[in-house]
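So the chains spell out like this:
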Amino acid sequence: MRGLSGSALKCIAIVTMLIDHIGAAVLARLLIAGEGGEALYSLYYTTRTIGRIAFPIFCFLLVEGFEHTGNRKKYALRLLAFALISEAPFDLAFSSSVIEYAHQNVFFTLFIGVMTMMAFRVVEEKTEWDPIFRGAALALILFAGMGGAYFMRTDYDAKGVMCIMALYIFRKMRGPQILAGCLAFCWWELAALVAFLPIAFYNGKRGWNIKYIFYVFYPLHLLVLYFVCVWMGIAGIPAV
């Protein structure tokens, strides 16, 4: 079948995320240390721009996973488990400390997104409720999810949950879904709009069985980047 499978989208997201984190964890430290000059800054800016492609794809795949999983509670618990596993590698990679509470990894954002979708689904199924009351309940759930991400200081915080929910609300109509995603991202991350080009070619198929690749790759690559910084002698410099 033509188009891009879910696993192909996941590979695009993983590669662009890796490029982004090389910039954020390694090149940023070199810049803070006063090395490289303008050429290094241009490379840093390029890696961070390419990296903007990753998160919208992960948001899209999160919604797809939520729609097709056989056990949503297990799906949410798996995200929470890897959020906890990934926090120390995340803090080491970007803050040079084992535990740092000012910024939490993206798995927490994805977990909050799934919990928000689960709450949305409960209200959506209450067809006997008054439409105004249902609308108010959905708005309250959305703001609660965004507020939770904001106060936890998760990666992409409230904006990330808002973008996940924009894709969820229009999940049954690909064109409007892509438009909603573009509108959700355009006001704060223009480079992220490029991600909706491969999303537009999604063929609805899972593709290769690489279900747990992202779960394992995320904390593992952060640890590798931290040890690269140790090898280069710059690990003691916080990247953020």
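If you're wondering where the values come from, they're calculated on a predicted model, not measured in any experiment.

The rules we used
- Residues numbered from 1 in each chain as written.
- Predicted model: local features only at pLDDT ≥ 70, side-chain atom pairs only at ≥ 80, totals over all residues.
- Heavy atoms only, no water.
- Helix = DSSP H or I, 4+ residues; strand = E, 2+ residues; numbered from the N terminus.
- Rg over C-alpha atoms; globule rule 2.2 N^0.38 Å.
- Buried < 20%, exposed > 50% of the residue type's maximum accessible area, 1.4 Å probe, protein only.
- Contact = heavy atoms within 4.5 Å.
- Areas by Shrake-Rupley, 256 points an atom, 1.4 Å probe, with all protein chains shown as cover.
- Lys, Arg positive; Asp, Glu negative; His and termini not counted.
- Charge placed at Lys NZ, Arg CZ, Asp CG, Glu CD.
- Phe/Tyr/Trp six-rings, centres within 6.5 Å; stacked < 30°, edge-to-face > 60°.
- Patch = residues over 30% accessible without salt bridge, like charges linked within 9 Å, V, L, I, M, F, W, Y side chains within 5 Å.
- Salt bridge = Lys/Arg side-chain N within 4 Å of Asp/Glu carboxyl O.

> I'm lost on the overall build of the protein chain in this one. Help?
For the protein chain, the helix and strand inventory stands at 10 helices and zero strands. At 18 Å, the protein chain has a C-alpha radius of gyration in line with the 18 Å of a compact globule built from 240 residues. Its C-alpha atoms give the protein chain principal-axis dimensions of roughly 60 × 40 × 35 Å. Residues counted as buried form 49% of the 240 residues belonging to the protein chain. Contacts spanning at least 24 positions in sequence make up 75% of the contacts within the protein chain whose residues lie at least 6 apart. When the accessible surface of the protein chain is summed, it comes to about 12000 Å², and 70% of that surface belongs to carbon and sulfur atoms. Charge centroids of the protein chain, computed over 20 positive and 15 negative side chains, lie 11 Å from each other.

> Sorry if this is basic, but what is going on with the environment of Glu-124 here?
By the element assignment, Glu-124 lies in helix H5 (residues 106–124). Residue classification places Glu-124 among the partly exposed positions, given a relative accessible area of 23%. Counting along the chain gives 82 residues from Glu-124 to Arg-206, while the straight-line C-alpha distance between them is 26 Å.

> Help me understand the packing of aromatic side chains in this model?
Where two aromatic rings form a pair, the distance of their centres and the angle of their planes describe that pair. Enumeration over the complete set of coordinates arrives at 22 aromatic pairs. Relative to Tyr-202, the ring of Phe-60 has its centre 5.2 Å away and its plane inclined at 85°; by these criteria the two rings are edge-to-face. Of the two residues, Phe-60 is situated in helix H3 (residues 54–68) and Tyr-202 in the loop between helix H9 (196–200) and helix H10 (213–232); the sequence distance between them amounts to 142 residues. You'll find Phe-60 and Tyr-202 in the same group, each marked buried. Ring geometry for Tyr-156 against Trp-188: centres 5.9 Å apart, planes inclined by 65°, an arrangement best described as edge-to-face. Within this pair, whereas Tyr-156 is found in the loop between helix H6 (131–152) and helix H7 (157–169), its partner Trp-188 is found in the loop between helix H8 (174–186) and H9, the two being separated by 32 residues in sequence. Trp-188 carries the same exposure label as Tyr-156, and that label is buried.

> Honestly, a nonpolar patch on the surface in this entry has me stumped. Any pointers?
Together, Tyr-212, Val-216, Leu-220, Val-224, Val-228, Trp-231 and Met-232 make up an exposed nonpolar region whose accessible area comes to about 710 Å². The exposed category is assigned to Trp-231, whose relative accessible area is 74%.

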